[in-house]
Amino acid sequence: MMNTQEQILLFHQVVSGDDSKLERLMNSYQGLIVSCVHKYIPEHASSRNADLYQELLSAGQFGLLKAIRDFNPEKSNSDSHTHYLYIRINQEIYMAFNNSKHALSYSGYQLRAKHQLKKEISLLQNDLNREPSIDELANKLGWSPQRVKNGLQELTYKPTILDDDLTTDPDSNGNEQDIHDSIHSAMNKLNAKERMVLFLVYGFDKTGRARSTQEASKLLNVSQQHISKVSQDARQKMASMIQDNLK
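Residues numbered from 1 in each chain as written. Predicted model: local features only at pLDDT ≥ 70, side-chain atom pairs only at ≥ 80, totals over all residues. Heavy atoms only, no water.

J.: I'd like a rundown of the overall build of the protein chain, residues and numbers included.
T.: Looking only at helices and strands, the protein chain features 13 helices and zero strands. Its helices and strands taken in sequence order, the protein chain reads α-α-α-α-α-α-α-α-α-α-α-α-α from the N to the C terminus. Looking at the protein chain as a whole, 40% of its 247 residues qualify as buried. With an accessible surface of roughly 14,200 Å², the protein chain has 49% of that area assigned to carbon and sulfur atoms. (Helix = DSSP H or I, 4+ residues; strand = E, 2+ residues; numbered from the N terminus. Buried < 20%, exposed > 50% of the residue type's maximum accessible area, 1.4 Å probe, protein only. Areas by Shrake-Rupley, 256 points an atom, 1.4 Å probe, with all protein chains shown as cover.)

J.: Lay out the packing of helix α11 (residues 192-202) against helix α12 (residues 213-220) in plain terms, naming residues and giving numbers.
T.: Interaxial distance between α11 and α12 falls to 9 Å at its minimum, and their mutual angle equals 140°. What the angle tells us is that α11 and α12 run oblique. Viewed along their axes, α11 and α12 form a crossing whose handedness is right-handed. Across from M196, V197, L200 and V201 in α11, the residues of α12 making contact are A216, L219 and L220. Classifying every residue of the contact of α11 with α12 gives seven nonpolar, no polar and no charged. (Axes fitted to C-alpha atoms, helices over the stretch in contact; angles between N-to-C directions. Parallel < 35°, antiparallel > 145°, perpendicular 65-115°, else oblique. Left-handed = near helix turned anticlockwise from the far one by under 90°. Contact = heavy atoms within 4.5 Å. Nonpolar A, V, L, I, M, F, W, Y, C, P; charged D, E, K, R; others polar.)

J.: With reference to specific residues and values, describe unusual backbone geometry.
T.: Look at N129: it is not a glycine, yet its phi comes out positive at around 60°. Relative to the assigned elements, N129 resides in the loop between α6 (101-128) and α7 (134-141). For N129, a relative accessible area of 70% corresponds to the exposed category.

J.: Could you give me a rundown of the packing of aromatic side chains, with the residues and numbers involved?
T.: All chains considered together, the criterion is met by one aromatic pair. Here the aromatic rings of Y40 and Y94 are separated by 6.3 Å at their centres, their planes lie at 50°, and the arrangement is tilted. In this pair, Y40 sits in the loop between α3 (30-37) and α4 (50-70) while Y94 sits in helix α5 (residues 81-99), placing the two residues 54 residues apart along the sequence. Residue classification places Y40 among the buried positions, given a relative accessible area of 6%. (Phe/Tyr/Trp six-rings, centres within 6.5 Å; stacked < 30°, edge-to-face > 60°.)

J.: Let's hear about the confidence of the model for the protein chain: which residues, and what values?
T.: Residues at a pLDDT of 70 or more form 75% of the protein chain, whose mean pLDDT is 76. With pLDDT under 50 throughout, residues 157-174 is counted as low confidence; its partners more than four residues away or in other chains account for 29 contacts. (pLDDT = per-residue confidence, 0-100.)

J.: Can you explain the pattern of salt bridges? Please cite residues and give values.
T.: Taken as a whole and judged by the stated rule, the model has six salt bridges. Put simply, K237 and E194 hold a salt bridge, and the shortest N to O gap is 3.0 Å. Here the residue K237 occupies a position in helix α13 (residues 224-246), and E194 occupies one in helix α11, the gap between them amounting to 43 residues. With its nearest N and O atoms 2.8 Å apart, the salt bridge here joins K229 to D233. (Salt bridge = Lys/Arg side-chain N within 4 Å of Asp/Glu carboxyl O.)

J.: Got a sec to walk through the side chain of E120? Specific residues and values, please.
T.: Within the element layout of this structure, E120 appears in helix α6. Despite its burial, E120 pairs with no opposite charge; the closest candidate is K140, at 4.7 Å N-O. Here E120 is in contact with L137, K140 and L141, once residues within four sequence places are set aside. (Lys, Arg positive; Asp, Glu negative; His and termini not counted.)

J.: Please provide a residue-by-residue account of the packing of α3 against α4, values included.
T.: It is at 9 Å that the axes of α3 and α4 come closest, and there the two elements cross at 130°. Comparing the axis directions of α3 and α4 gives the class oblique. In terms of crossing hand, the pair formed by α3 and α4 is right-handed. Contacts from Q30, I33, V34 and V37 of α3 reach α4 at Y53, L56, L57, G60, Q61 and L64. A breakdown of the residues in the contact of α3 with α4 according to their chemical character gives seven nonpolar, three polar and no charged.

J.: Report on the nonpolar core, specifying residues and quantitative values.
T.: In terms of nonpolar packing, the biggest core is built from 51 residues, with Y40, L56, L64, I68, L85, I93 and L220 touching the most fellow members. Beyond its immediate chain neighbours, meaning those up to four positions away, L220 contacts H83, Y86, I87, N90, M196, V197, L200 and I227. Counting residues in each nonpolar core, the second largest holds nine residues, with L117, I121, W143 and V148 among its members. (Core = buried A, V, L, I, M, F, W, Y, C linked by side-chain atoms within 4.5 Å.)

J.: A description of helix α1 (residues 4-15) should follow, citing residues and the corresponding values.
T.: Its 12 residues give α1 an end-to-end C-alpha distance of 16 Å, which sits within 8% of 16 Å, the value for a rise of 1.5 Å per residue. Backbone geometry just downstream of α1 places G17 in the positive-phi region, at approximately 115°. (Expected span 1.5 Å × (residues − 1).)

Given below as C-alpha cells:
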C-alpha cells in the first residue's frame, strides 16, 4: 500500500506530464472515491442499490481524472492536494447522484425507511407510554443504533428556506416568473462551491432534502463555520444580482 509521501511524489510526476504513472495514481485514490460514495449510499445499502453505487463510483473516477488534468501547480500547493481532489471528486459524485435515474429509487427507499421509523416510534410510544430509546427502536426495526440515530436526526431537522435575503414582493418588483428567472440566473453566476453549498443547505437537488450545516460540512470536508459563511455570502450575492435584474 502506498504511503502519503509516495503518493505526493507520484502526484508531482503525473501533473508534470508523466502519464505512464497515471493509472497507478488513480488506483491509489480508490479509497477516497469509495469514502465519498458512502456519503450518499451507506455501505450497508450498496448491495441493494448496486446500479447507483457503480454509477457514483464511475463518476468519482471521472472527477478524479478531471481534477488531475486541471491541477495547476503554479496556483496550488501540490503537497496539500488531497483536499482539492476530495472536493472535485465529491462534486462529480454529487452531480451524478442528482442526474441519475437510479437516485429516485434510492430516494424512495430512504422515504420508506423514514416512514417505517416514524411508525415504530408511534407504536412504541403507545406501548411504553414514553419515548422509546435508540436501542429499543434498533431492536424493533432490526437496525443498528447508529442508523436509528441518523434517522432520528433527519426526522427532527427543520430546514430553513431562502428567506430574508431573497424575499421579493412580486407586486412591487416584478411578477413571479421574473423573480424565478432572476433567481435561476443569479444561481448560475455563483462559483461552483457557492452553488454546491446552496444546493445542499436548501435542498435544491433531486432529493429535495435540505441538509444541516453539519451534514454539508461532512460532505464537503470543511468546517460548519465555513459552510455558514459561504452560504451567507452566496445569498447576499444572489440578492444583489436579483435586485439588479428586477430594476
